[in-house]
Amino acid sequence: MEKRPNAVTFKGAPYTLVGPQLKPGAKAPDFACLSGLELVSLSKTPAKTRLFSVVPSLDTPVCSMQTKKFDEAVAALKDSVASYTISLDLPFAQKRFCTAEHVANMQTLSDVHDHSFGQHYGVLIEGLPLALLSRAVFVVDKAGTITYAEYVPEVGAQPNYDAAVVALKAAV
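Here the residue numbering is sequential within each chain, running from 1 through the sequence in written order. Local features in a predicted model are, by the rule used here, given only for residues with pLDDT of at least 70; side-chain atom pairs are given and counted only at 80 or more, and totals for whole chains, interfaces and linings are based on all residues. Note that water and hydrogens are dropped before the side-chain values are worked out from all heavy atoms of the structure.

Visitor: Lay out the environment of Met106 in plain terms, naming residues and giving numbers.
Guide: The numbering of helices and of strands both runs from the N terminus, where a helix is a DSSP run of H or I of at least 4 residues and a strand a run of E of at least 2. Mapped onto the elements of the fold, Met106 is located in the loop between helix H2 (91–100) and strand E7 (107–110). Buried residues are those whose accessible area, probed at 1.4 Å on protein chains only, stays under 20% of the maximum for their type, while exposed residues exceed 50% and partly exposed ones sit between those limits. By relative accessible area, Met106 is classed as buried at 4%. Met106 sits 21 residues away from Thr85 along the chain, and the two C-alpha atoms are 6.3 Å apart. In this description, contact between two residues means that some pair of their heavy atoms is separated by no more than 4.5 Å. What Met106 contacts, discounting residues up to four positions off in sequence, is Leu51, Ser53, Thr67, Phe70, Asp71, Val74, Ser83, Tyr84, Thr85 and Cys98.

Below, the structure is given as structure tokens:
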């Protein structure tokens, strides 16, 4: 598995990301994440434009904000897109968060099963005492091609919401 040393910082310290750095134009890799106790792969997501918002943990302020901002942004797009927040949180914690925070438009996927999303999308942080995904945003079109990829350089920083939403709307 490819490793990218010093690809991201977390609280200023450099860390290695496991997996490739995906770019627009690349075919979106498959993965196996959990929605509740059901395994979901890329092929089990709808054949429409998809937003994958990747966060370290929904129990942190920036991750919570990221999920809520995208939840609001995709509300106007209704059924023309499928939107997901992906983290290593357990599916039960993800559901509890979405219920408590009234997140209705973002579905959650947990990569706790085998870290395949983290490894295939190049967002699994190596070297922390607890496995976490690095903050990132991907837009995948109906054909399964990545049209937007943002790897946020500092894990604690926010992504470029405007650019991601513009890319999402352009791919619909």
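Once you've had a look at it, read on.
Visitor: Help me get a handle on the layout of surface pockets, residues and values and all.
Guide: Every definition here rests on a 1 Å grid over the protein atoms only: cavities are sets of points where a 1.4 Å probe fits but cannot get out, pockets are open sets enclosed by protein on both sides within 12 Å along at least five of seven lines, and lining residues have some atom within 4 Å of a point. Grid points are joined across faces, edges and corners, and a volume is the space filled by probe spheres set on the points. Its boundaries defined by the atoms lining it, the largest pocket holds a volume of some 190 Å³. The wall of the largest pocket is formed by Ser35, Gly36, Pro91, Phe92, Gln94, Lys95, Cys98, Thr99, Val103, Met106, Gln107 and Thr108. Tallying contributions element by element places H2 first for the lining of the largest pocket, with six residues. We call Asp, Glu, Lys and Arg charged. Ala, Val, Leu, Ile, Met, Phe, Trp, Tyr, Cys and Pro are nonpolar, and the rest, Gly among them, are polar. Of the residues belonging to the lining of the largest pocket, the class tally is five nonpolar, six polar and one charged. Put simply, the second largest pocket is a space of about 150 Å³. Taken together, Phe10, Lys11, Pro56, Ser57, Thr60, Pro61, Val62, Cys63, Leu132, Arg135, Val155 and Gly156 form the lining of the second largest pocket. Residue classes in the lining of the second largest pocket are distributed as seven nonpolar, three polar and two charged.

Visitor: Could you give me a rundown of the nonpolar core, with the residues and numbers involved?
Guide: Of all hydrophobic cores here, the largest spans 24 residues; its most connected members are Phe52, Phe117, Tyr121, Val123 and Phe138. Elements with a contribution of two residues or more to this core: strand E5 (49–54), strand E6 (81–87), strand E10 (136–140) and strand E11 (146–151). Phe70, Val137, Tyr161 and Ala167 belong to the second largest nonpolar core, which has 21 residues in total. Put simply, a nonpolar core is a bunch of buried Ala, Val, Leu, Ile, Met, Phe, Trp, Tyr and Cys residues held in one set by side-chain atoms that sit within 4.5 Å of each other.

Visitor: Before we move on, can you summarise the pattern of salt bridges with the specific residues and values?
Guide: Any Lys or Arg side-chain nitrogen found within 4 Å of a carboxyl oxygen on Asp or Glu counts as a salt bridge. Scanning the model with the defined rule gives two salt bridges in all. Lys3 is the salt-bridge partner of Glu126, the closest N and O atoms lying 2.5 Å from each other. Placement of Glu126 in strand E8 (residues 124–126) and of Lys3 in strand E1 (residues 3–10) is noted, with a sequence separation of 123 residues between them. On the accessibility criterion, Lys3 (45% relative accessible area) is partly exposed. Of the charged contacts, one joins Lys68 and Glu101 as a salt bridge, the two residues approaching to 2.9 Å between their closest N and O atoms. Of the two residues, Lys68 is situated in helix H1 (residues 61–75) and Glu101 in the loop between H2 and E7; the sequence distance between them amounts to 33 residues. Since its relative accessible area comes to 29%, Lys68 is described here as partly exposed.

Visitor: How would you summarise helix H4 (residues 161–171) if you had to cite specific residues and measurements?
Guide: The set of residues buried in H4 consists of Tyr161, Ala164, Val165, Ala167, Leu168 and Ala171. End-on, the buried residues of H4 take up no more than an arc of 160°, which puts them together on one face. Of the residues in H4, the exposed ones pointing more than 90 degrees away from the buried face are Asp162, Val166 and Ala170. The inward-facing, buried residues of H4 contact E5, H1, E6, E10 and E11. Note that the arc is defined by the directions from the helix axis to the C-beta atoms.

Visitor: Residue-level account of the packing of H1 against H4, with values.
Guide: For helices, the fitted axis covers only the stretch in contact; all axes are lines through C-alpha atoms, and the angles between them, taken along N-to-C directions, range from 0 to 180 degrees. Where H1 meets H4, the axes come as close as 11 Å, and the angle between the chain directions of the two elements is 35°. Remark: the crossing between H1 and H4 carries right-handed chirality. Of the residues in H4, those touching H1 at Met65, Gln66, Lys69, Phe70, Ala73 and Val74 are Tyr161, Ala164, Val165 and Leu168. Across the contact of H1 with H4, the residue classes tally to eight nonpolar, one polar and one charged. Crossings are classed by handedness, with left-handed meaning an anticlockwise turn of the near helix from the far one by less than a right angle and right-handed meaning a clockwise turn.

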